[in-house]
Structures are given as C-alpha cells and as structure tokens.
Amino acid sequence: QVQLVESGGGLVQAGGSLRLSCAASGRTFSRYSMGWFRQAPGKGREFVAAIDQSGGSTRYADSVKGRFTISRDNAKKTVYLQMNSLNPEDTAVYYCAATTIVGITTWNYDYWGRGTQVTVSS
C-alpha cells in the first residue's frame, strides 16, 4: 500500500507556472505507475498526465500537452507536475494517483492523494 501527499498548489496569474509535488510513503514506490488528475468545480475528475515505473514513458491529456511535464524521482519517492503557461481553465483540484499496472495507464488507479488546489486568475 502507498500513501500520497500533494503539495505546491496555489494562486497564480494566467501565463504563470507552478510545480506540483506528490510524496509517497512506503518502500516500493518504483513499482507504481503514477498519474495526475484534476477536478474543476462542477465537473468530473479528468486525466492530466501519467508516467510509468521507470520514468521512461509519459502520456498527457491533449489540453495540457506542450505545457505540462510529468517526472519522477524514485530515490526521493516523489512525482512532479511542472505546469507552464497556465490559464484559468486549468483551475482545479489536482490529485496524484498510483497504480500497480505496468506501464502507462489513464485510468484504473488504486491509490489517491487528497489533492492540492490550483487557481489561475485572468
């Protein structure tokens, strides 16, 4: 089992950047494929980005491709989401998630953090 804690959210102006972090507990972080999801007010949770166990493969939602970068540091048991060129449509609670599925997946995650709020002002 793994516990996830997100940090790094906040208020930023349109065009700005933020870096989210997700720290994992446990000794087997490298076994998990990791993902970031977000949920805007009044909307369902949506996939943002995913990275495989080694960090060699990544996948992004079309809405963030070219602006967001997911990465991981297995030694620090942390996954990151670098968000650039933010716009008000990126405002949401961002969640980190983990799955034991090998490789990249955009769904079927087993463990979730509590989320961190990102607000982008126009």
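A brief look at the structure comes next. Because the structure is predicted, anything quoted here is derived from the model rather than measured.

## A short note on unusual backbone geometry
Here's step 1: You will see that serine 85, though not glycine, has its phi angle at about 50°, which is positive.
Here's step 2: Relative to the elements of secondary structure, serine 85 occurs in the loop between β8 (78–83) and β9 (92–99).
Here's step 3: Unlike most non-glycine residues, asparagine 108 shows phi in positive territory, near 65°.
Here's step 4: One can find asparagine 108 in the loop between β9 and β10 (111–112).
Here's step 5: Owing to a relative accessible area of 39%, asparagine 108 belongs among the partly exposed residues under this scheme.

## Considerations on the packing of aromatic side chains
Here's step 1: As enumerated under the stated definition, the model contains five aromatic pairs in all.
Here's step 2: Geometrically, the ring pair formed by tyrosine 32 and tyrosine 111 is edge-to-face, given 6.0 Å between the ring centres and 85° between the ring planes. Residue tyrosine 32 is found in the loop between β3 (18–24) and β4 (33–39), and its partner tyrosine 111 is found in strand β10; the two are separated by 79 residues along the sequence.
Here's step 3: Clustering of aromatic rings is evident, with ring pairs tying together Phe37, Phe47, Tyr109 and Trp112.
Here's step 4: Sitting above the plane of the tyrosine 95 ring, arginine 45 keeps its charged end 4.0 Å from the centroid.
Here's step 5: Cation over ring: arginine 72 sits above phenylalanine 29, and NZ or CZ is 4.5 Å from the ring centre.

Definitions and cut-offs
- Residues numbered from 1 in each chain as written.
- Predicted model: local features only at pLDDT ≥ 70, side-chain atom pairs only at ≥ 80, totals over all residues.
- Heavy atoms only, no water.
- Helix = DSSP H or I, 4+ residues; strand = E, 2+ residues; numbered from the N terminus.
- Buried < 20%, exposed > 50% of the residue type's maximum accessible area, 1.4 Å probe, protein only.
- Phe/Tyr/Trp six-rings, centres within 6.5 Å; stacked < 30°, edge-to-face > 60°.
- Lys NZ or Arg CZ within 6 Å of the ring centre and 35° of its normal.

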